[in-house]
Amino acid sequence: LCFLYPLSPCDVSPFFQRVTVLPYREHTLSFSFIEQSIPFHFRKSMAASWIPSTFISQVAGLLEKAQFTTLTHEFMVVVVFFVSFITWRHFSRSKPGYVRGGKATFPGRGGKTKAMRMRFDGSRNAESLVSRQMASEFLPQARATEQQMLKHLENREFTRALNMYRMLERNGRDWHFSADLYSAFIQSAVRVGKVDVVDRMLRAMKRSGMTPSLQFWQTTLKMLSSRRHFSTCLATHSVFGSLMPADKIIYSCLINAALEVGEPDRAAAMLERYGEADIDIRDHVLFFRTYVALKDVDSAETMLRKLGENITTLMLNLLLLACINARQPQRAFDFLLDAHRIEEGVAEKIVDVVSYNTVIKGFAQVGQPAECFECLNQMVSQNLEPDDITLGTLLDACIVDNDMSAAHQIVNLLMGSDRPMDTVVCTLFIKGLVRASCLPKALELYEEMKRREGTRPDIVTYSVLIKALVDQHDLDRALQLVEDMSAAGHSPDDIILTHLLEGCRHAGNHALGKKLFEDMLSSGVKPSEFTLVTMLKLHGRCGAHKEAYDLVAGWRAQHGLSPSVIHYTCLMSGCLRTKSYDQAWAAYELMCANGVVPDGTAIATLLPGMVAAQQWSKVIELARQALKAPKPVSIPPETLNNALSQMLAVGGNTAQAEQLQAMMHFAGIAVTTRFSRRNLPERICQ
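Think of each chain on its own: its residues are numbered from 1, step by step along the sequence as written. It should be noted that, the model being predicted, local features are given only for residues of pLDDT at least 70 and side-chain atom pairs only at 80 or more, the latter also being counted only at that level, while totals for whole chains, interfaces and linings use all residues. Only heavy atoms go into the side-chain values, all of them from the structure, while hydrogens and water stay out.

A. Examining the side chain of Ser-463 more closely. What counts as a helix is a DSSP run of H or I of at least four residues, what counts as a strand is a run of E of at least two, and both are numbered from the N terminus. Take Ser-463: it is sitting in helix α24 (residues 459–471). Think of it in three bands: with a 1.4 Å probe and only protein chains considered, a residue is buried below 20% of the maximum accessible area for its type, exposed above 50%, and partly exposed in between. Classification of Ser-463 as buried rests on a relative accessible area of 13%. Any two residues whose heavy atoms approach within 4.5 Å at even a single point are treated as in contact. If we skip the residues at most four places from it in the chain, Ser-463 touches Ile-495, Ile-496 and His-499.

Right under this line is the structure:
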């Protein structure tokens, strides 16, 4: 009966006069109804149904008379279930006040109407006619509530207004809200960054059948675009689509949003609708931007021919960029010449320096330096002066093509111009020349920078040149640049100090390195970890191991930085280079005492030194530190096998050799030395 009509057990119980359930094996069930207890609307629904009211009684009688097998009985149970389910669906749809997806009003006692709460899951649609009728009863109250929410939004109480809206939405009272409320909600949501609320309000407007005004769309999309909510802009188009007016502001926001999120195909689909708006010549820039993103040179050319003499400089440059992105620089150069022909009939210039820079960059990207210079000559013939970007692009093309004569020509062109030189651009030129092994030309440009007014070398310029001179082992000229830098009012930094110390190491000038280090530290230069590494290398090369040890030991106290395992490894390596094994071991003990865990490089550096010193107890200690630590350190197997081989070759170290081989076996390292099986006991070899 519960399948036939969705009632609670308390509603079902008065329907039965007698319920008799017999044991399962007898397969019988009998029951009867007290018809007078069935409500009127239930009897009416059963009478109108295509299933007879005695259907259940007939099935029960059939079950009482028949003796079915177990399989037949189960089959009949399934059949009765499906028939009951279909009957329940039929009665449910015919119930008074039934509304799909929620609850509605039912006739109550005394002829009164009871409003029951309705459930809405956010995906309801306009087919809920009963809920709209309910909302109309609360229209005056809805208007008053709407004014209250508008007041909250005006007072920047967004959360409070949103909570009120959600409560009314759950109660089904949001059908009569005006477009002004939704507009205020959307604008407030954009201000506070709640883009999910924007999408929710737009969908609510769509469900309510509202047609937002032109001003609404313009204001909303401009606000979303200004705050870079481009995905939400596109979501509005997904909801309303062609219902949005063909306005240039609206579709310019949408197309720009599509381009910003990387969907040029979607932007191209909106161009036709954008073209239907009242756009002027300058508004066609958006077409070219879309074609650049699509690398669609053909469509951009078609638009160029369509506009003719009305094309602007920006449109031309976008067309050239589309060609470059499609790796068609020659086609871009042809368009450049066509633009010059168009200029002959108009008063305003179309081609500018940016146009030529774009084409030159395209030729440089495809490796055609000769065409770069052809474009440069065409540029000069049109009375356009190359700028720093032009020269920088040409220099890069020359360096890539290894054409140093052309590179020198570009630098001469830069230095020969009368216009002011930019320090940053000149520094980039110097970097390019140094990278191309043209240090003399870079120094020549540096001297020209010193001579020009307003173009003085900065600390980056000095750092690049000092590093280049140190690499060329020209320490004297590097020190001269340091003096020039001080005279120009620039203070050296830790990078320049590191370069100079590296130069002293190459020259083996320990005294000069110490003096530079002390002088720059006293002048306020804060050394870095790279400075410490370079200073340790200088001490190690000159055999000043005690000074290197003291430098590492007092580094944290003097400079507030803790040496790392790299610094200790560098210290040990310097000691081992001069066979100062005891000082190398002292550096290892200092590292362990300061809580620095040795890594594979540190162990692999120190272990061969201890083997060479034949200090086998220290070899065993290093091996144990590496192989039996909580996190074992990876050591090359040949390093351990060489240590074992040397240990056995000396003789008299059987116990220590056993320990080392046992640790290697435990770590899964294969023993390959030929002395192991001959010199060790059989139990260790096994």
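So that's the structure; there's more coming.
B. Region of the structure containing the environment of Met-610. Residue placement: Met-610 occurs in helix α33 (residues 600–612). Considered as a pair, Met-610 and Leu-576 are 34 residues apart in the sequence and their alpha carbons are 9.3 Å apart. Other than its neighbours up to four places away in sequence, Met-610 contacts Tyr-581, Trp-585, Gln-615, Lys-618, Val-619 and Leu-622.

C. Local environment of the pattern of salt bridges. Salt bridges, as used here, are contacts in which a Lys or Arg side-chain nitrogen is within 4 Å of a carboxyl oxygen on Asp or Glu. In the structure shown here, the tally under the stated rule is 23 salt bridges. Across the pair Arg-200 and Glu-169 runs a salt bridge whose closest N-O atoms are separated by 2.3 Å. Of the two residues, Arg-200 is situated in helix α9 (residues 195–207) and Glu-169 in helix α7 (residues 158–170); the sequence distance between them amounts to 31 residues. For Arg-331, the salt bridge goes to Glu-301, with nearest N and O atoms at 2.6 Å. Of this pair, Arg-331 sits in helix α17 (residues 329–343) while Glu-301 sits in helix α15 (residues 297–307), and the two are 30 residues apart along the sequence. Three or more residues are tied together by salt bridges with common partners; here these are Asp-298, Glu-301, Arg-305, Arg-331, Asp-338 and Arg-341.

D. Looking closely at the packing of helix α12 (residues 248–260) against helix α14 (residues 285–294). Here an angle of 0 to 180 degrees is reported between the N-to-C directions of two axes, which are lines fitted to C-alpha atoms, with helices fitted over the stretch in contact. Put simply, α12 and α14 touch, their axes get as near as 11 Å, and they point 20° apart. With respect to α14, the element α12 is oriented roughly parallel. Where α12 crosses over α14, the handedness of that crossing is left-handed. Together, Tyr-251, Ser-252, Ile-255, Asn-256, Leu-259 and Glu-260 of α12 and Leu-286, Arg-289, Thr-290 and Ala-293 of α14 make up the contact between the two elements. Polar here means any residue other than Ala, Val, Leu, Ile, Met, Phe, Trp, Tyr, Cys and Pro, which are nonpolar, and Asp, Glu, Lys and Arg, which are charged; Gly is therefore polar. For the contact of α12 with α14, the residue count by class is five nonpolar, three polar and two charged. For classification purposes, angles smaller than 35 degrees are called roughly parallel, those larger than 145 roughly antiparallel, those between 65 and 115 roughly perpendicular, and all remaining angles oblique. Handedness of a crossing follows from how the near helix is turned relative to the far one, being left-handed for an anticlockwise turn of less than a right angle and right-handed for a clockwise one.

E. Fine view of the environment of Leu-512. In this fold, Leu-512 is placed in helix α27 (residues 510–522). Take Leu-512: its relative accessible area is 22%, and that puts it in the partly exposed class. In the structure, Leu-512 is positioned eleven residues away from Leu-501 in sequence and 8.6 Å away in space, judged by C-alpha atoms. Residues within four places of Leu-512 in sequence aside, it is in contact with Leu-475, Leu-479 and Cys-504.

F. The arrangement of helix α10 (residues 214–226) in detail. Expected span, for any helix, means 1.5 Å times one less than how many residues it has. Compared with an ideal rise of 1.5 Å per residue, which puts 13 residues at 18 Å, α10 spans 18 Å between its outermost C-alpha atoms and is within 8% of the ideal. When we look at burial in α10, the residues that qualify are Phe-216, Trp-217, Gln-218, Thr-220, Leu-221, Met-223, Leu-224 and Ser-225. Contacts made by the buried residues of α10 are with α8 (179–192), α9, α11 (230–240) and α12.

G. Expanded view of the packing of aromatic side chains. Note on ring pairs: Phe, Tyr and Trp rings are taken, using the six-membered ring of Trp, and paired if centres are within 6.5 Å. Classes follow the plane angle, with under 30 degrees stacked, over 60 edge-to-face and the rest tilted. In the structure shown here, the tally under the stated rule is eleven aromatic pairs. Between the aromatic rings of Phe-81 and Phe-82, the centroid separation amounts to 5.3 Å while the plane-to-plane angle is 75°, which identifies the pairing as edge-to-face. Overall, the relative accessible area of 36% leaves Phe-81 in the partly exposed class. For Phe-82, a relative accessible area of 46% corresponds to the partly exposed category. With a centroid separation of 5.8 Å and an interplanar angle of 45°, the aromatic rings of Tyr-274 and Phe-287 are classed as tilted. Here Tyr-274 is found in helix α13 (residues 264–275), whereas its partner Phe-287 is found in helix α14, with 13 residues between them in sequence.

H. Structural context of the side chain of His-499. With respect to the helices and strands, the residue His-499 is situated in helix α26 (residues 494–507). Residue classification places His-499 among the buried residues on the basis of a relative accessible area of 14%.

I. Molecular detail of unusual backbone geometry. Phi at Arg-327 takes a positive value of approximately 55°, unusual for a residue other than glycine. Along the chain, Arg-327 falls in the loop between α16 (313–325) and α17. Taking the relative accessible area as the measure of exposure, Arg-327 reaches 53% and is therefore exposed.

J. Here's a closer look at a nonpolar patch on the surface. Taken together, the side chains of Val-78, Phe-81, Phe-82, Phe-85 and Ile-86 make up a nonpolar region of the molecular surface, amounting to roughly 450 Å² of accessible area. Topologically, Phe-81 is positioned in helix α4 (residues 70–93). The patch calculation keeps residues exceeding 30% relative accessible area without a salt bridge and links them within 9 Å when they carry like charges or within 5 Å when they are nonpolar (Val, Leu, Ile, Met, Phe, Trp, Tyr). Surface accessibility in these figures is a Shrake-Rupley result with a 1.4 Å probe; residues are shielded only by whichever protein chains are displayed.

K. Structural detail: the packing of α16 against α17. Where α16 contacts α17, the two axes come as close as 7 Å, and the packing angle between them is 160°. Relative to α17, the element α16 is oriented roughly antiparallel. Between α16 and α17 the crossing geometry is right-handed. Where α16 approaches α17, its residues Leu-316, Leu-319, Leu-320, Cys-323 and Ile-324 are matched on the opposing element by Pro-329, Arg-331, Ala-332, Phe-335, Leu-336 and Ala-339. Per-class residue counts for the contact of α16 with α17 are ten nonpolar, no polar and one charged.

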